[in-house]
Amino acid sequence: NAYRNDVLSGALRFTPDARTDARISARWSAGDYHYPTDYSGAVVDHNAEQVDHRFTASVDAGRRVADRVELRATLTSNEYLPRTNDPPDGPADTLGFYGFFSRSVRTRRAADVRVNVQAGPRATFTVGAEASHDRERTTSQSLSQYGNSTDTFEASRHIGSVYAQAVGDATDRVSYVVGVRRDDNSAFGAFTTARAGLAWLVEPGARVRVAAGNAFRAPSFFENFAAGYVTGNPALRPEESRSVEVGGDLTLGDGAVRLAATAYAQRFRNIVQYTGTAPKPGAPNYYNVAAASANGLELEAAWRPMAGLTGTLTYALTDTRATATGFDTTAGASYVRGEQLIRRPRHTLGASLAGTFGDGGSVRLQALRVGERADRDYANYPVAAVTLPAYVKVDCSAVVPTRLPGTALTFRADNLLDARYEEVTGFRAPGLTLFAGVTYHP
């Protein structure tokens, strides 16, 4: 798809005195890719393209106002400018909807102030507040045989947040983390999230851990405020999730062998779903209707037979289910009660071998087997439920120091064996992809 991506990033850290530090960072990227396919994967359009420009900048500064008290502040700015260009394919392309252009400016500005208090050598308490503002403006033009049309969409929202966290060791064998945050969003109101975790060192080399928490995803601007062909819903609630996990780690042979296991359970509700047929004229197209669950088990074993060489095996068992169907009750729906969520493999197996050599050199070879996944085939109507076959993907990377101080060559090969597979039905994943670069650390 003739993809090109240019990135320029940099960071500067300075310490005016022993109690003060600051870091300034910025990142700019420009991406351009062509997509000759429609929603089903059929190649039907040779000159459709998406252009994305992003710029992110941040300033993080801190001052130790006392031996155990630190004051920090962070300012961030994110700007995203996507562009869609799909002109007519030629002078004879004048039937149906034959052209589309859109321009968007999406910005987010945020300021965060927090205080870190060290309560003895084993505990740190943090309290803070954040204010942020999101804004989006989009203009579009559609060219069709039925007449040209233009549309403008503009919306903004602000969020005020307060939070607190405690991290530390209760004893020589027990450590903890507890945090709570409250966000007040001008679009959907207030929402409180919390998390807690506990780790117990049963004996040297053996640890048990447990954690629980909740989270949310705010509706997008489009889901909240869209107008025109699609109507947003200002009354949408945020999507909610709750999770709990328990696990353990075991180290043997003076660190030569490490075993780890984690079991988790997640619940999702108020999932935002789109309906093409609104309940009544003028009603929104988005509602909080779907729900799902995700339970799983993750296993990991690492072996270090000698210094500088480590082998790792991983396995993940994932069971995802839709617990509320929502609007669409057909077999091709994205959420079918009792069935697996689309594109989530039940079994995933990984293996890697990593080695280090010389002064900063390294090489890594890894293989990943992704099991069968449920999906939907949108190329035909009615939409059909399909199963994506399993695939194996092999990647390789290396860092090779040069004779120039602080300089190294980097190499990476993704999909080394050029495996043919699809992560989305009808859209083939990239084949063998090669990367090369140079790094310099003064």
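Relevant structure appears above.
Everything in this summary refers to the structure shown in the same document. Not measured: the values here are computed from a predicted model.

To continue, consider the environment of alanine 294. Along the polypeptide, alanine 294 turns up in strand S13 (residues 286-306). Sequence spacing of alanine 294 and valine 210 is 84 residues, and the spatial spacing of their C-alpha atoms is 17 Å. Beyond its immediate chain neighbours, meaning those up to four positions away, alanine 294 contacts Tyr264, Ala265, Gln266, Arg267, Phe268, Asp319 and Thr320.

Turning to the pattern of salt bridges, a few remarks are in order. Within this structure, the stated rule accounts for 29 salt bridges. Of the charged contacts in the structure, one is a salt bridge between arginine 72 and glutamate 70, with a shortest N-O distance of 2.8 Å. Residue class for glutamate 70 comes out buried when judged on its relative accessible area of 15%. A salt bridge links aspartate 134 to arginine 108; the nearest nitrogen and oxygen atoms lie 2.9 Å apart. Taken as a pair, aspartate 134 in strand S6 (residues 123-144) and arginine 108 in strand S5 (residues 97-118) lie far apart in primary sequence, 26 residues in all. Arginine 108 sits in the partly exposed class, given a relative accessible area of 31%. Several salt bridges converge on common partners, so that one network encompasses Asp21, Asp60, Glu70, Arg72, Asp112 and Arg114.

Our focus in this paragraph is a nonpolar patch on the surface. Taken together, Leu353, Leu365, Leu416, Leu417, Leu432 and Leu434 make up a surface patch of nonpolar side chains, about 590 Å² in accessible area. Its place among the elements puts leucine 432 in the loop between strand S22 (427-428) and strand S23 (433-440).

Summarising the sheet, strand S12 (residues 257-274) and S13 pair through 16 bridges and their orientation is antiparallel. Of the residues in S13, the one forming a bridge with glutamine 266 is alanine 294. As paired strands, S13 and strand S14 (residues 309-324) are joined by 14 bridges and run antiparallel to one another. For methionine 306, the partnering residue across the bridge sits in S14 and is leucine 309. In this antiparallel pair of consecutive strands, S13 and S14, the connection spans two residues, and glycine 308 shows a positive phi of 90°.

Nonpolar side chains in soluble globular proteins tend to end up buried together. Counting six residues, the largest nonpolar core is built from Ile271, Ala290, Ala292, Ala322, Tyr335 and Leu341. Dropping the residues within four chain positions of it, tyrosine 335 is found in contact with Ile271, Gln273, Ala290, Ala291, Ala322, Ala324, Thr325, Asp328 and Leu341.

Here the phi dihedral of aspartate 254 falls at roughly 55°; this positive angle occurs in a residue that is not glycine. Along the chain, aspartate 254 turns up in the loop between strand S11 (239-252) and S12. What makes aspartate 254 exposed here is its relative accessible area of 82%. Positive phi outside glycine occurs at arginine 343, with the angle close to 65°. Mapped onto the fold, arginine 343 is located in the loop between S14 and strand S15 (347-357). Judged by relative accessible area, which is 33%, arginine 343 ranks as partly exposed.

How each quantity is defined
- Residues numbered from 1 in each chain as written.
- Predicted model: local features only at pLDDT ≥ 70, side-chain atom pairs only at ≥ 80, totals over all residues.
- Heavy atoms only, no water.
- Helix = DSSP H or I, 4+ residues; strand = E, 2+ residues; numbered from the N terminus.
- Contact = heavy atoms within 4.5 Å.
- Salt bridge = Lys/Arg side-chain N within 4 Å of Asp/Glu carboxyl O.
- Buried < 20%, exposed > 50% of the residue type's maximum accessible area, 1.4 Å probe, protein only.
- Patch = residues over 30% accessible without salt bridge, like charges linked within 9 Å, V, L, I, M, F, W, Y side chains within 5 Å.
- Areas by Shrake-Rupley, 256 points an atom, 1.4 Å probe, with all protein chains shown as cover.
- Pairing = 2+ DSSP bridges.
- Core = buried A, V, L, I, M, F, W, Y, C linked by side-chain atoms within 4.5 Å.

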